[in-house]
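# Reading the structure
Each chain, letter by letter, is given below.
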Amino acid sequence: MSETIIGNVTRFIDLTPKEEQFFTDLLTLQTFPKKTVLLREGEICQFEGYIQKGCVRVYYLDDNGFEVTILFAIEDWWISDIASFQDQKPSNLYIETLEDSEIYMLNPSTKEKLLSEIPKFERVFRMLVQRNLSTLQHRLVNTISKSASDRYLEFIKVYPSIPQRVAQYYIASYLGVSKEFVSTIRKRLTSKQK
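Fair warning: this is a prediction, and the values are worked out from it, not measured in the lab.

## Some words on the sheet that holds strand 1 (residues 28–32)
Read from one edge to the other, the open sheet built from four strands follows the order 1-8-3-6, with strand pairing classed as antiparallel. At either margin of the open sheet sits one strand with a lone partner, and together these are strand 1 and strand 6 (78–79). The sheet contact formed by strand 3 (residues 48–53) and strand 6 spans two bridges and is antiparallel. Bridge pairing in strand 6 places Gly49 opposite Ile79.

In structure tokens, the structure reads:
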């Protein structure tokens, strides 16, 4: 069992060796090839996952059928459709691996067992939800108030490894710009660095 997920959790709470063991026994490590859709619109999300290895994106389809990326998640991040998982209602989102990925999974029943046995895990999940909400609020403000160039600069500051790991059109869909714009701004930034 990886120490990274224990390190992630113990940022928020202390665990005894027995509690660590109980937690890790509930997790299922699953391996997914690149381009695996973990959740489709209309399905009920049955997992909260910790990314041990890989890159995942969350997106939805707009009214014209175009993919709009709302989140990238990489190693040491959690991934889920929180609303669908919590309320057990159909999702509006898709979750897809962009690289071969290893993800530790909790399902609704194992999460409930965890919270029942070790109530302090409520803090872990509350902190994850708060961080997620903060990230989405920050993204919303940037989308409304910043130019496309500034949004790209903010993106590479927040996600420095993503531009080397994913196709430009995913980044463009995240930023709400064309892939040609992403290509142009990358070239401009590269020429400034020389």
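## A short note on helix 2 (residues 17–26)
Given 3.6 residues per helical turn, the α-helix brings residues three or four places apart onto the same face. When we look at burial in helix 2, the residues that qualify are Glu19, Phe23, Thr24 and Leu26. With its buried residues spanning 155° around the axis, helix 2 presents them on a single face. In this structure, helix 2 carries Pro17, Lys18 and Asp25 as exposed residues pointing more than 90 degrees from its buried face.

## Some words on the sheet that holds strand 7 (residues 94–97)
Reading across the sheet, the four strands line up as 2-7-4-5 and stay open at both edges, with antiparallel pairing between neighbours. Pairing within the sheet leaves two strands with one partner each, and these edge strands are strand 2 (37–39) and strand 5 (67–74). Neighbour-to-neighbour, the strand axes of the sheet open up by a mean angle of 30°, direction not taken into account. Inspection of the sheet shows strand 2 paired to strand 7 by two bridges, in the antiparallel sense. Bridge pairing links Val37 to Glu96 in strand 7. Running over the sheet, helix 8 (residues 168–175) touches strand 4 (55–61), strand 5 and strand 7 and is turned about 110° from strand 5.

## Observations concerning the pairing of strand 4
Summarising burial for strand 4: five of the seven residues are buried, a large majority. With seven bridges connecting them, strand 4 and strand 5 associate as antiparallel partners. Its bridge partner being in strand 5, Tyr59 is matched across the sheet by Thr69. The antiparallel pairing of strand 4 with strand 5 creates a hairpin that spans five residues between the two strands, and Gly65 there sits at a positive phi of about 85°. Bridge count between strand 4 and strand 7: four bridges; the pairing is antiparallel.

## Section: the environment of Tyr94
Along the chain, Tyr94 turns up in strand 7. C-alpha of Tyr94 to C-alpha of Cys45: the two residues are 49 residues apart in sequence and 9.8 Å apart in space. Those residues within four positions of Tyr94 in sequence are excluded, and the remaining contacts are Val37, Leu39, Arg40, Glu41, Arg57, Val58, Tyr59, Tyr60 and Leu61.

Parameters at a glance
Residues numbered from 1 in each chain as written. Predicted model: local features only at pLDDT ≥ 70, side-chain atom pairs only at ≥ 80, totals over all residues. Heavy atoms only, no water. Pairing = 2+ DSSP bridges. Helix = DSSP H or I, 4+ residues; strand = E, 2+ residues; numbered from the N terminus. Buried < 20%, exposed > 50% of the residue type's maximum accessible area, 1.4 Å probe, protein only. Arc of directions from axis to C-beta. Axes fitted to C-alpha atoms, helices over the stretch in contact; angles between N-to-C directions. Contact = heavy atoms within 4.5 Å.

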